[in-house]
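# Notes for the structure review
Residues per chain, in single letters:
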Amino acid sequence: MSEEQIKNLEAQFEARIARDEKIEAKDWMPEKYRKTHIRQMSQHAHSEIVGMLPEGNWITRAPSLRRKVALLAKVQDEAGHGLYLYSACETLGISRDELYEQLHSGKAKYSSIFNYPTVTWADMGAIGWLVDGAAIINQVPLCNTSYGPYARAMVRVCKEESFHQRQGYEIMIKLANGTPEQKEMAQDALNRWWWPSLMMLGPTDAESIHTEQSMKWKLKRKSNDDLRQQFIDQTVPQADLIGLTIPDPDLKWNEEKGSYDFGDIDWDEFWQVVKGHGPCNKERMNARVGAWERGEWVRDAAMAHAEKQQQRKEKQAV
Amino acid sequence: MSTKNWPLWEVFVRSKNGLEHRHFGSLHAADADMALENARDVYTRRNEGVSIWVVESKNITASNPQHNGEMFEPAQDKVYRHPTFYELPDEVKYM
Ligand SMILES: [Fe+2]
Ligand SMILES: [Fe+2]
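Every value quoted in this text rests on a predicted model; they were computed, and no experiment measured them.

Calculation rules
Residues numbered from 1 in each chain as written. Chains lettered and ligands numbered in written order. Predicted model: local features only at pLDDT ≥ 70, side-chain atom pairs only at ≥ 80, totals over all residues. Heavy atoms only, no water. Helix = DSSP H or I, 4+ residues; strand = E, 2+ residues; numbered from the N terminus. Rg over C-alpha atoms; globule rule 2.2 N^0.38 Å. Buried < 20%, exposed > 50% of the residue type's maximum accessible area, 1.4 Å probe, protein only. Contact = heavy atoms within 4.5 Å. Areas by Shrake-Rupley, 256 points an atom, 1.4 Å probe, with all protein chains shown as cover. Core = buried A, V, L, I, M, F, W, Y, C linked by side-chain atoms within 4.5 Å. Donors = N, O, S within 2.8 Å, 3.2 Å for Na, K, Ca; no water. Tetrahedral: all angles 85-135°; square planar, octahedral: opposite > 155°, others 65-115°. Pairing = 2+ DSSP bridges. Axes fitted to C-alpha atoms, helices over the stretch in contact; angles between N-to-C directions. Buried area = accessible area lost by both parts, 1.4 Å probe. Salt bridge = Lys/Arg side-chain N within 4 Å of Asp/Glu carboxyl O. Polar contact = N/O pair within 3.5 Å; in protein donor to acceptor, adjacent residues only side chain to side chain. Nonpolar A, V, L, I, M, F, W, Y, C, P; charged D, E, K, R; others polar.

What follows is about the overall build of chain A. When helices and strands are tallied, chain A shows 13 helices and two strands. Against the compact-globule benchmark of 20 Å for 318 residues, chain A has a radius of gyration of 22 Å, which places it among compact chains. Dimensions of chain A, computed from the C-alpha atoms along their principal axes, are close to 75 × 55 × 35 Å. Taking all 318 residues of chain A together, 51% fall into the buried category. For chain A, the share of sequence-separated contacts (at least 6 apart) that also reach a separation of at least 24 residues comes to 76%. In the form shown here, chain A has an accessible surface area of approximately 16,100 Å², with 54% of it arising from carbon and sulfur atoms.

Right under this line is the structure:
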């Protein structure tokens, strides 16, 4: 194809998206669109998968059967989200194996928030309430994104997320209304998860590199700072309601703006964790890679069994 | 390193009797039985279905959107396939 032909196709492509048409897997697309989508969707899938680890830590020690079945179901949902997203990503011509290889080699990123430890049961509450809460704010606009398979996967994901946030907030309510020690535990979890949750919504707009192109392709519909403000404004009253304090001395309602002012985010910490120096980066990758390697014989055995069954069937047919 | 990867399967789910099977997504599985079981766990955790079909992705032949012209244009100028093409006197009811 000549350069001019490609320019032409690109213009038609952008016009389709501007008209709110969806792009499907076999449609022509600019190489950059394909690459950007593989990167964002796989990062998203990896986050769902690695995100199971901090919560998996507490399944066997949940304080009651009710909490245990809920947490188990939530973590199972996250596995499902990872799978929806991996399969949507594979429609762009990358194999599952390549995707795993990118995660396991450290080439691909996942959400930094999962590199923080879960040290008490209250962390299960804080994660559901804050981390899933921030994820929902990030994800809802993606239900209308331009790439059809991604948008459809996100519709399913979003439907399932609201239970995650509720079960987390319910844990926080119970602890906040419990003994002084329990309340303290809830407050401690909020203290530790608040700032990383704000960072989860991404670098400030001034430092965000991909925003303009992503807006055009509807990979993003609101800026990181707008999403963060939305998260803060909806979460602060929820903390007030259960008597917990947001760990930010500069947090103040701004009547004029109709939203909260808040303190400075420690972006150095964010970039440190992104670069691999968070409290649990190594532990998470070891757990993930270890599970994959220890599962190899199972995958091979299943394949050998399937082949044997197939051969038997063919023999009988003769 | 495994020598063979699990193949890819497309999953179709009938959400209730009376409706058609609809494409839900895909997954990897060693064989059809495992694909069905995985499809149940991945796509119907909340009673989304009463019946599941799985088809190995390599067995699907798809049309190419770049040829949508030749493929679908022939239907575009056949207005006589629609009831509005035919002129009837106003007095005719129920037709
Ligand atoms: Fe999720
Ligand atoms: Fe979730």
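Here the narrative resumes, following the displayed structure.
Most often, soluble globular proteins have nonpolar side chains that are buried together. With 96 residues, the main nonpolar core has A:W193, A:W194 and B:L27 as its most contacted residues. Here B:L27 is in contact with B:P7, B:L8, B:W9, B:V11, B:A35, B:N38, B:A39, B:V42 and B:Y43, once residues within four sequence places are set aside.

This part takes up the coordination of the iron ion (ligand 2). Residue and element names in this part refer to chain A. In the first shell of the iron ion (ligand 2), the protein supplies E78 (OE), D132 (OD), E161 (OE), E161 (OE) and H164 (ND1), at 2.0 to 2.8 Å from the metal. Positions of the donor residues of the iron ion (ligand 2) along the chain correspond to the pattern E-x53-D-x28-E-x2-H. The distance between the iron ion (ligand 2) and the iron ion (ligand 1) comes to 3.4 Å, with E78 serving as a donor to both metals. Pair noted here: E78 is in helix α4 (residues 65–90) and H164 is in helix α7 (residues 148–176), with a separation of 86 residues, a long-range link. When sorted by exposure, E78 lands in the same class as H164, which is buried.

Residues and elements named next belong to chain A. The iron ion (ligand 1) binds to the protein through E48 (OE), E78 (OE), H81 (ND1) and E161 (OE); the donor distances cover 2.1 to 2.3 Å. Coordination at the iron ion (ligand 1) is irregular: its four donor atoms span angles of 81 to 159° at the metal. All donors of the iron ion (ligand 1) come from a single chain, and their spacing in sequence reads E-x29-E-x2-H-x79-E. Overall, the relative accessible area of 2% leaves E161 in the buried class.

By way of backbone hydrogen bonds, the strands of a sheet pair with one another, either parallel or antiparallel. Residues and elements named next belong to chain B. Taken together, the three strands give an open sheet; going across it, the order is β2-β1-β3, and neighbouring strands pair in antiparallel fashion. Looking along the sheet, the strands with just one partner apiece sit at the ends: β2 (21–28) and β3 (51–56). Each strand axis lies, on average, 25° off the axis of its neighbour in the sheet, ignoring direction. Pairing of strand β1 (residues 8–14) with β2 involves seven bridges; the strand directions are antiparallel. Along β2, the bridge assignment pairs F12 with H23.

This part is about unusual backbone geometry. Outside of glycine, negative phi angles account for most residues, and trans bonds account for most peptide bonds. Even without glycine at this site, A:D20 takes up a positive phi of about 75°. Secondary-structure assignment places A:D20 in the loop between α1 (3–18) and α2 (31–50). The phi torsion at B:Y94 lies on the positive side, around 50°, for a residue other than glycine.

All right, on to the interface of chain B and chain A then. Reports of interface size often rely on the accessible area that becomes lost once the parts have come together. Counting from both sides, the interface comprises 22 residues of chain B and, opposite them, 23 residues of chain A. It is B:W6, B:R45 and B:R46 in chain B that bury the most area against chain A; as a group they hold 25% of the surface buried on that side. Counting every contact that joins chain B to chain A gives four salt bridges. Across the pair B:R45 and A:D77 runs a salt bridge whose closest N-O atoms are separated by 2.8 Å. Taken together, the links from chain B to chain A amount to eleven residue pairs in polar contact (both at pLDDT 80 or more). Within the residue set of the side of chain B that touches chain A, elements represented by two or more residues are β2 and α1 (32–43) of chain B. Here the residues of the side of chain B that touches chain A sort into eleven nonpolar, six polar and five charged.

Right, let's talk about the pattern of salt bridges for a bit. The tally for this structure, following the rule as stated, stands at 24 salt bridges over all chains. Measuring nitrogen to oxygen at the nearest pair gives 2.7 Å for the salt bridge that ties A:E55 to A:K74. One end of the pair, A:E55, is in helix α3 (residues 52–59); the other, A:K74, is in helix α4, with 19 residues separating them in the sequence. Take A:E55 and A:K74: they sit in the same class, and that class is buried. Of the charged contacts, one joins A:E160 and B:R45 as a salt bridge, the two residues approaching to 3.0 Å between their closest N and O atoms. With A:E160 in helix α7 and B:R45 in the loop between α1 and β3, this pair bridges two chains. Taken together, the shared-partner salt bridges connect A:R16, A:R19, A:E21 and A:D27 into one network.

Treat this as a map of the structure, not an account of what it does.
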